[in-house]
Amino acid sequence: MAVTLEELARRFLGRVQGDGAREIDGVATLTDAGPREIAFLANPRYQKHLAVTRAAAVILAPKDAEDFSGNALIVDNPHLCFAGVAALLHPDPGFSPGIHPSAVVAEDARVAASAWIGAQAVVEAGVTISDNVYIGPGCYIDRLATIEEGSRLVANVTVCQRCIVGKRCIIHPGAVIGSDGFGYVRDDVRWIKVPQLGRVVIGDDVEIGSNTTIDRGALEDTVLGDGVKLDNLIQIAHNVQIGEHTALAALAGVAGSTIIGKRCTFGGRAGIAGHLEIADDVHITGTSLVSGSIANAGTYSSAISAEEAGAWRRNAARLRQLDAMVRRLTELEQKVQRLIEGENLD
Amino acid sequence: MAVTLEELARRFLGRVQGDGAREIDGVATLTDAGPREIAFLANPRYQKHLAVTRAAAVILAPKDAEDFSGNALIVDNPHLCFAGVAALLHPDPGFSPGIHPSAVVAEDARVAASAWIGAQAVVEAGVTISDNVYIGPGCYIDRLATIEEGSRLVANVTVCQRCIVGKRCIIHPGAVIGSDGFGYVRDDVRWIKVPQLGRVVIGDDVEIGSNTTIDRGALEDTVLGDGVKLDNLIQIAHNVQIGEHTALAALAGVAGSTIIGKRCTFGGRAGIAGHLEIADDVHITGTSLVSGSIANAGTYSSAISAEEAGAWRRNAARLRQLDAMVRRLTELEQKVQRLIEGENLD
Amino acid sequence: MAVTLEELARRFLGRVQGDGAREIDGVATLTDAGPREIAFLANPRYQKHLAVTRAAAVILAPKDAEDFSGNALIVDNPHLCFAGVAALLHPDPGFSPGIHPSAVVAEDARVAASAWIGAQAVVEAGVTISDNVYIGPGCYIDRLATIEEGSRLVANVTVCQRCIVGKRCIIHPGAVIGSDGFGYVRDDVRWIKVPQLGRVVIGDDVEIGSNTTIDRGALEDTVLGDGVKLDNLIQIAHNVQIGEHTALAALAGVAGSTIIGKRCTFGGRAGIAGHLEIADDVHITGTSLVSGSIANAGTYSSAISAEEAGAWRRNAARLRQLDAMVRRLTELEQKVQRLIEGENLD
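Residues numbered from 1 in each chain as written. Chains lettered and ligands numbered in written order. Predicted model: local features only at pLDDT ≥ 70, side-chain atom pairs only at ≥ 80, totals over all residues. Heavy atoms only, no water.

*Asks:* How would you summarise the packing of helix α4 (residues 309–319) of chain B against helix α5 (residues 322–340) of chain C if you had to cite specific residues and measurements?
*Replies:* Working note: a packed helix pair is described by the angle between its axes plus the distance between those axes. The geometry of α4(B) relative to α5(C) is characterised by a closest axis approach of 7 Å and an angle of 60° between their N-to-C directions. By the criterion of interaxial angle, the relationship of α4(B) to α5(C) is oblique. Facing R314(B), N315(B), R318(B) and L319(B) of α4(B), the residues of α5(C) in contact are L322(C), D323(C) and V326(C). The residue makeup of the contact of α4(B) with α5(C), split by class, is three nonpolar, one polar and three charged. (Axes fitted to C-alpha atoms, helices over the stretch in contact; angles between N-to-C directions. Helix = DSSP H or I, 4+ residues; strand = E, 2+ residues; numbered from the N terminus. Parallel < 35°, antiparallel > 145°, perpendicular 65-115°, else oblique. Contact = heavy atoms within 4.5 Å. Nonpolar A, V, L, I, M, F, W, Y, C, P; charged D, E, K, R; others polar.)

Next up, the structure:
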């Protein structure tokens, strides 16, 4: 597929600088782009590459276009425009509908005629697979689960019984939706399992990364709002609720029954304790631990960056003296005050 | 399935308050329960819901029953009783024994007549699948592994060669039991793999969460005691031993050859270094790192909770001055002491 | 398979002490070894077991052999020698080439005659499976991917389209190679997906642990150098580059576009922020966070070890006063200095 620079400008509401008839059939970085590819500049630190790029054209913000003599597509948000151009020029491969002969689909499962069930997949009784859904190879959809229109389960995804995946979701390989929550009651020394009877209910336009796990609720549901984005290897425990358009980076974990607001972001390896409420528009830096509710929008952190190990060990050892240090400091302040005031301290 | 409140009281050694003939066919939360469902109150913070619940009955501790005019099942431990009632009213669906036609089972695998091998599963040579075992869709059981009576591998579980899963275990999707430990010797710059020849041996009544990984021992076995509970996305390295009834929450990791006692609990994202010994009844708070052996029961922590990022950054920067601060403090104490004692400091 | 001690000495360039004709057919620990098994001593703390071992022979360093009266294979690096002996005596089971009848292999996939495609595996169009490659049960190899000579995908591994796995790699169950990177642009409140068009390119002799995830690059590739070793449950984000012979332990995470040097090691649960450069021969202790580039070889840490929870809480609370403490300390130093200098402070 090839489009002209002019055509891109029309579709993405941009302005052409240079040769609008230039044909473009792919995207690439400034340094790798060939004469039929378009690149973009979002980060000023790559500005030096502008001078030497062989790209057919570059997507630029107005201020960066001034000094650029090559072909450009000028837009307010080059990165956003680039995402659209890339999706246009490199569309998902699509699929023909049907059921692969090696798939095992229960007789009473409802599979839309426009859907695809891939090789070695298993679809159990009572499942609903809606229009244009793609169930990739090796996926397992347990009883009574629903996958709504246009969602794509890439491969080897497990969706447990009665869970609901909304429209246009993407679920990457190895993700597990709806396994039992980690719920036990102690009976003397033994742990007695509390049946996990809720579901996982996932909104529309949600993306879930590889090997991420989302547990079903104990009684009520675990809920992901529309537009939520989860990276790889994330744990979402039972009864968690995540607000719309919140994004969590890899290896983050959210403990049970915590409610997270809308438009929050969690850096990689962030952790949130259970039974908390996190307001809308809260940002947690990577690695940080949230162990109390957060009522106000803002950025929160408890991350400590590595330093040379010897120096760190000396400092870390002092951490254990911190409380004592404060007391020593306070005592010293009092003594100095009395010295200043001329008292006899003995 | 429906039971009367009286019948529940008889089975769970409780006392009826109100209408013992009331029929109950499910469990629910206080706020969601309908007139044929039973709820429970374990957390005092939900007490306000008692007044308005539409539940057929509520499972209550004696002290909470006094002010409640509805039907109640009065027991010492409402949460434990609720777990039993939920399991009674919402039993696992069960399964008919057999081997799905799409499963691949080696001729010399021993599969009990009462067991089930699900769709697309693979069972290799020399495997033993005992009575009432459920091998879910897509599971892979490698050579000479043994799955003992009544265990349930939900779906897409991998059990590697020669590993043993005890009785009545539950293993959730994506878990990997018995992959090679991370064992290498350095030869100049290259890492030379040390063959991992041990097994994973899992006791009875163990539950293992989704996408959790348990590595086989290098020479001896990796061992999980009876009643151990592992949440999702946990790493158990080679040669680890975990004592009976110890529970680890999600994203926890235990490095190689560490021995953990009985009845311990590890919060989410907790980490334990290798070659340590952790006593019985040790509790590690979420996110904490254990880097030395722990000889005494108790609770241990190194977790730091997030605060507003600007304030945190100022404090975190000071961490690197901590050792210097202590030295400044000590010097100042000496100076003040000399001032107090009237010495000339110059 | 049995070999004499003499034969082992010849193969592994060691020296025999005692009976070179002794036959050996397996490896074991000092305490478990029977009369036909060889053990080794690498860690001085197991020296006491030397006196009582029943092993046919022990692999020892010269200095440890002096006081040992049993049979010994004396080498400079006993652990390295042991790895070789174990691989010799306990070889991988090997496989007969072919395609399991239950596997689904696209007509135009190129599968070497010497390769094996296991039960329930799926190999898509345009894939290249080279000589002596083992594709285990349940693996999924998406379009145009390449698996080079001698690599072993144990089971249930997913390799996404166009990714390249080098020679003699081992990939453990549940690993996902080449899922989409976590790349979005914000459009008002919504996250717009940026198509992930790069690949994952893995060098030779790489080992990748269970349920580890490696994302494909956004435009350029995610690259793992020769000899890289990744443990279980590791996240490698898009566009990361990892230098040769670098090893990461379990639950570590590397954020997008970070470039890691050669021969580095990362302890378990270590995290590296995105867009950093880490020099060769850098070692990061377990749990530590790296949030800035590291230009010099060395060991770096930000790990804090757990202490008794009550004491820890008191110290951790003081962390939030650290900046204030430094200011108090500085003020106090000034006051004391003025006292010493005899100034009137009022």
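There is more to say after this.
*Asks:* Now, about the interface of chain B and chain C: what can you tell me, with residues and values included?
*Replies:* By convention, interface size is frequently given as the accessible area that disappears when the constituent parts associate. Each partner contributes to the interface: chain B provides 76 residues, whereas chain C provides 69 residues. Summed over both partners, the interface of chain B with chain C buries about 5800 Å², with 65% contributed by carbon and sulfur atoms. Per-residue buried area on chain B facing chain C is highest for F182(B), W191(B) and R328(B); these three make up 11% of the total on that side. Summed over the shared surface of chain B and chain C, the number is three salt bridges. Among the salt bridges present, the one from D323(C) reaches R318(B), with a minimum N-O distance of 2.7 Å. Counting the contacts that link chain B with chain C gives 29 residue pairs in polar contact (both at pLDDT 80 or more). Breaking the side of chain B that touches chain C down by element, the ones donating at least two residues are β21 (176–179), β22 (184–187), β23 (190–193), β26 (213–215), β38 (289–290), β39 (298–301), α4 and α5 (322–340) of chain B. Here the side of chain B that touches chain C takes eight residues from α5(B), the largest share from any one element. For the side of chain B that touches chain C, the class distribution of residues is 37 nonpolar, 23 polar and 16 charged. Looking at chain direction, β39(B) and strand β40 (residues 307–308) of chain C are connected through two bridges and run antiparallel. (Buried area = accessible area lost by both parts, 1.4 Å probe. Salt bridge = Lys/Arg side-chain N within 4 Å of Asp/Glu carboxyl O. Polar contact = N/O pair within 3.5 Å; in protein donor to acceptor, adjacent residues only side chain to side chain. Pairing = 2+ DSSP bridges.)

*Asks:* Hey, could you go over the relation of the copies chain B and chain C for me, with residue numbers and the actual values?
*Replies:* Overlay of chain B on chain C (RMSD 0.1 Å): rotation 120°, translation along the axis 0.0 Å. In symmetry terms, the pair is related by a three-fold rotation axis. (Least-squares fit on C-alpha atoms with pLDDT ≥ 70 in both.)

*Asks:* Lay out the pairing of β22(B) with the relevant residues and their values.
*Replies:* Residues and elements named next belong to chain B. Two elements, β22 and β23, share four bridges in a ladder whose sense is antiparallel. Across the sheet, the residue bridging to D187 is R190, located in β23. As consecutive antiparallel partners, β22 and β23 are separated by two residues, and within that stretch D188 has a phi angle of approximately 55°, a positive value.

*Asks:* So what's going on with the side chain of E207(B)? Which residues, and what values?
*Replies:* Among the secondary structure elements, E207(B) is positioned in strand β25 (residues 207–208). Relative accessible area serves as the criterion here: at 4%, E207(B) is assigned to the buried category. Of the polar contacts made by the side chain of E207(B), one reaches the side chain of K193(A); its length is 2.6 Å. At 2.8 Å, the side chain of E207(B) forms a polar contact with the side chain of H172(B). Ignoring any residue separated from it by four or fewer positions in sequence, one finds E207(B) in contact with D180(A), Y184(A), K193(A), I170(B), H172(B), V228(B), K229(B) and L230(B). (Buried < 20%, exposed > 50% of the residue type's maximum accessible area, 1.4 Å probe, protein only.)

*Asks:* Which residues make up the pairing of strand β6 (residues 57–60) of chain A, and what values do they have?
*Replies:* All names here are of chain A. With burial as the criterion, each face of β6 is covered, one bearing A57 and I59 and the other bearing V58 and L60. Sheet topology places strand β5 (residues 37–40) next to β6; three bridges connect them, and they run parallel. Residue pairing for β6: F40 is matched across the bridge by I59. Relative to strand β7 (residues 72–74), β6 is paired through three bridges, and the arrangement is parallel.

*Asks:* Give me the lowdown on the interface of chain C and chain A, citing residues and values where you can.
*Replies:* With 76 residues of chain C in contact, the opposing surface of chain A contributes 69 residues. At the junction of chain C and chain A, the tally comes to three salt bridges. For K193(C), the salt bridge is made with E207(A), and the minimal N-O distance between the two is 2.6 Å. Linking chain C with chain A are 28 residue pairs in polar contact (both at pLDDT 80 or more). Considering every element that reaches the side of chain C that touches chain A, the biggest residue donor is α5(C), with eight residues. Counted by class, the side of chain C that touches chain A contains 37 nonpolar, 23 polar and 16 charged residues.

*Asks:* Which residues make up the sheet that holds strand β2 (residues 15–17) of chain B, and what values do they have?
*Replies:* Ordered by their spatial adjacency, five strands build an open sheet running β2-β7-β6-β5-β4 (chain B), and the pairing between neighbours is mixed. The sheet is open, and its two borders are formed by β2 and β4 (26–27) of chain B, each paired with just one other strand.

*Asks:* I'd like a rundown of the environment of I242(B), residues and numbers included.
*Replies:* Residue and element names in this part refer to chain B. Checked against the element boundaries, I242 lands in strand β30 (residues 241–242). C-alpha of I242 to C-alpha of P91: the two residues are 151 residues apart in sequence and 29 Å apart in space. Non-local contacts of I242, meaning those with residues more than four positions away in its chain, are made with V223, L224, G225, V228, L230, I236, L248 and I260.

*Asks:* Quick rundown of the sheet that holds strand β24 (residues 200–202) of chain C? Include the residues and the values.
*Replies:* Note on sheets: strands pair through backbone hydrogen bonds, and any given pair is parallel or antiparallel. Taking strand neighbours across the sheet as the criterion, the nine strands line up as β10-β13-β16-β19-β24-β27-β30-β33-β36 (chain C) in an open arrangement whose pairing is parallel. The sheet is open, and its two edges are formed by β10 (110–111) and β36 (277–278) of chain C, each paired on a single side.

*Asks:* Give a description of α4(B) that names residues and reports values.
*Replies:* The periodicity of an α-helix, 3.6 residues per turn, causes residues three or four places apart in sequence to face the same way. In terms of burial, α4(B) is largely enclosed, as eight of its eleven residues are buried. Of the positions making up α4(B), those classed as buried are A309(B), G310(B), A311(B), W312(B), N315(B), A316(B), R318(B) and L319(B). Where the residues of α4(B) are buried, they touch β39 (298–301) and α4 (309–319) of chain A, β40 (307–308) and α5 of chain B together with α4 (309–319) and α5 of chain C. By the N-cap criterion, in which a side-chain oxygen at the helix start approaches the backbone nitrogen of a residue two or three places on, α4(B) is capped by E308(B), the distance to G310(B) being 2.9 Å.

*Asks:* Any details on the packing of aromatic side chains? Residues and values, ideally.
*Replies:* In the structure shown here, the tally under the stated rule is twelve aromatic pairs over all chains. For the pair F182(B) and Y184(B), a centre-to-centre distance of 5.1 Å together with 85° between the ring planes defines the contact as edge-to-face. With relative accessibility at 23%, the residue F182(B) sits in the partly exposed group. Clustering of aromatic rings is evident, with ring pairs tying together F182(A), Y184(A) and W191(A). Across from the ring centre of Y134(A), 4.2 Å away, lies the NZ or CZ of R152(A), which sits over that ring. (Phe/Tyr/Trp six-rings, centres within 6.5 Å; stacked < 30°, edge-to-face > 60°. Lys NZ or Arg CZ within 6 Å of the ring centre and 35° of its normal.)

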